Amino acid sequence: MMSESQALETLSREDPEAAGDARAALAWLTGDEGLETISLLRLQEFLWYALPVKWPMSTPGRVGVAKALGRVFLLAGLDRYAGVCSSAGTEKIINAYADGHEEGIAAYTEAIEESNAAPPDTELLAWGSVMGSQERAAYDACAAALELAFASGELSVGARGWRTKRVDIVNRWLTGPPTGELDDDVEPGHALDTDAGPGLALNGGGEPGPALDGSPGTDTWLGRISAERIDAWAHGRPGERSRLARGLIPRLLEPPAVPDDPLPTLRWLLGRAGEGLRLTARYYIAPALVTEAVEEFGWRDQLVGTLRQELDVFPLHTLRGMAQTEMGAIRRRSTSLVLTKTGKLMTADPAARWHIGTAALIGPDDGPQPDFSVAVREAALMVILTSGPTGYDELTKQLTDLHGVEGWAAGGAGAGRAGAGRHGTGLHSTGLASAVRTELYALRHRLWALHLLGTERSFSAPLSLTETGVAAALSALLARALRPRHHLGLG
């Protein structure tokens, strides 16, 4: 077994050009910290993403770099790493980028998942594809722990319960004391130019804060990631949105207790779905169940008409859409709505129902670009929590100004949800106010559906929250702050 320098010297005698390629690849991978700092995941990210995307050379040249690196690993006794470098799979992935960036990324992603080197999502944490420096350090630490477990035989792909054991290892590392040091040279708030793949690292710029893993005052990877995500949410956005977020941080860190009977309308829907909620031939909720919901939740006094059809009862129709599409709590099976695994958890655990249900007030934002609907709902809740009940005209003006500064624009049919984007990707400035107001009405229906809207519901009255609604809005914003990041825009 040779040292790194001995291996490079031997390769220099065999093939000086290959030795130069290997030396450059090692510098990219390790800096001057030596072979022992390389992990399987880091090597895969280099070979399958950084090398074909960031190295300006021909495809055959990139394959040559991989093979030269593999020769150094082989001389150094790192046979497993050498095998990855020289494998047909690695060459196939590098060649896939020649067909297009998306084809290459798809091949990279599939290979990473099949290799089992990347830490999986767990019930404690879903990893972002855009990471802060703390999250990236935790990701690497968990990957190293998994690599050791596979190498030692503690984990074996295909063995009974191996996936559960893999998740347990990740959770153990997330809730244990952090190890390793961060790069002190990175300026707060700037993206790191790393050799990583789409798990891009960012430095949020915040100091580790209170752990949000049920262990206040402890220093864990999970606590650091939570503090980093909250800091990025509060400080990583432009202008007024950031100011509003910073003002709400103390309330988010000490949220109100979960109500005794959280989100009763959702509890009713999940309970009926647990029995198999009947649908009509056109897949709407059966009239008898619509009538039951109308009477139980006082909607008879708030709406007009016979109120026997699902589409006549806006809050019920909205509730079903949220539970089915965004919460993933119910699904249609033939002519019934039934519970999913998530729905069963929400039925059995009121706290889970509360956290998943309130997060849907704002909704997911996990695409490659920020979502206009989500941005408006988030900002609206922040304004109401900060200023109290606010009229639609005033709220529309504030949010139009806020989103205009952020670069949103609107215009024409399909503005807002149908064509949301940033910097002219579907909205033009002339219709921004109209698009904002449309989203405010959609938020109103969500609050109404979950029994969180203030008692005065006319469109001329201020948009207000019940006491439980205030708690739900704080819960929704905390979920927003702690979510995994998948794009760089708007925190």
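Our subject in this report is the structure included herewith.

Conventions and cut-offs
Residues numbered from 1 in each chain as written. Predicted model: local features only at pLDDT ≥ 70, side-chain atom pairs only at ≥ 80, totals over all residues. Heavy atoms only, no water. Pairing = 2+ DSSP bridges. Helix = DSSP H or I, 4+ residues; strand = E, 2+ residues; numbered from the N terminus. Core = buried A, V, L, I, M, F, W, Y, C linked by side-chain atoms within 4.5 Å. Buried < 20%, exposed > 50% of the residue type's maximum accessible area, 1.4 Å probe, protein only. Contact = heavy atoms within 4.5 Å. Phe/Tyr/Trp six-rings, centres within 6.5 Å; stacked < 30°, edge-to-face > 60°. Axes fitted to C-alpha atoms, helices over the stretch in contact; angles between N-to-C directions. Parallel < 35°, antiparallel > 145°, perpendicular 65-115°, else oblique. Left-handed = near helix turned anticlockwise from the far one by under 90°. Nonpolar A, V, L, I, M, F, W, Y, C, P; charged D, E, K, R; others polar.

**What to know about the sheet that holds strand β5 (residues 336-339)**
- Read across the open sheet, the three strands follow the order β3-β5-β4; overall the sheet is antiparallel. Strands with a single pairing partner mark the edges of an open sheet, and in this sheet they are β3 (277-278) and β4 (330-333).

**Some thoughts on the nonpolar core**
- Grouped together as the largest cluster of nonpolar side chains are 77 residues, with contacts concentrated most on W233, L266, W299 and L399.
- By residue number, the principal contributor to this core is helix α17 (residues 372-387), which donates 11 residues.
- L266 has contacts with L319, A323, M327, M346, R353, G357 and L450, leaving out every residue within four places of it along the chain.
- Counting residues in hydrophobic clusters, the runner-up holds 62 residues, among them F73, L125, W127 and A141.

**Observations regarding the packing of aromatic side chains**
- Per the stated rule, a full pass over the model turns up 10 aromatic pairs.
- For the ring pair F46 and W55, a centre distance of 5.7 Å and an interplane angle of 75° mean the geometry is edge-to-face. Accessibility classification places F46 together with W55 in one group, the buried group.
- Here Y392 and Y441 contribute two aromatic rings whose centre-to-centre distance is 5.5 Å and whose plane-to-plane angle is 55°, an arrangement assigned as tilted. Note that Y392 is positioned in helix α18 (residues 392-405) and Y441 in helix α19 (residues 432-449), a separation of 49 residues in sequence.

**Notes on the pairing of β5**
- Of the two faces of β5, the one lined by S336 and V338 and the one lined by L337 and L339 are each fully buried.
- With two bridges connecting them, β3 and β5 associate as antiparallel partners. Its bridge partner being in β5, L277 is matched across the sheet by L337.
- As defined by bridge partners, β4 adjoins β5 across four bridges and the pair is classed as antiparallel. Each residue of the ladder has a partner; that of R331, found in β5, is V338.
- The turn linking β4 back onto β5 is made up of two residues, and S334 within it adopts a positive phi angle of 60°.

**Let's talk about the packing of helix α3 (residues 40-54) against helix α5 (residues 79-86)**
- Contact pair α3 / α5: the axes reach a minimum separation of 10 Å and the direction vectors enclose 20°. In terms of their interaxial angle, α3 and α5 are classed as roughly parallel. Our pair here, α3 against α5, has a crossing hand that is right-handed. Two secondary-structure elements touch here, α3 through L40, L43, Q44, L47 and W48 and α5 through R80, Y81, V84 and C85.
- Residue composition of the contact of α3 with α5, grouped by class: seven nonpolar, one polar and one charged.

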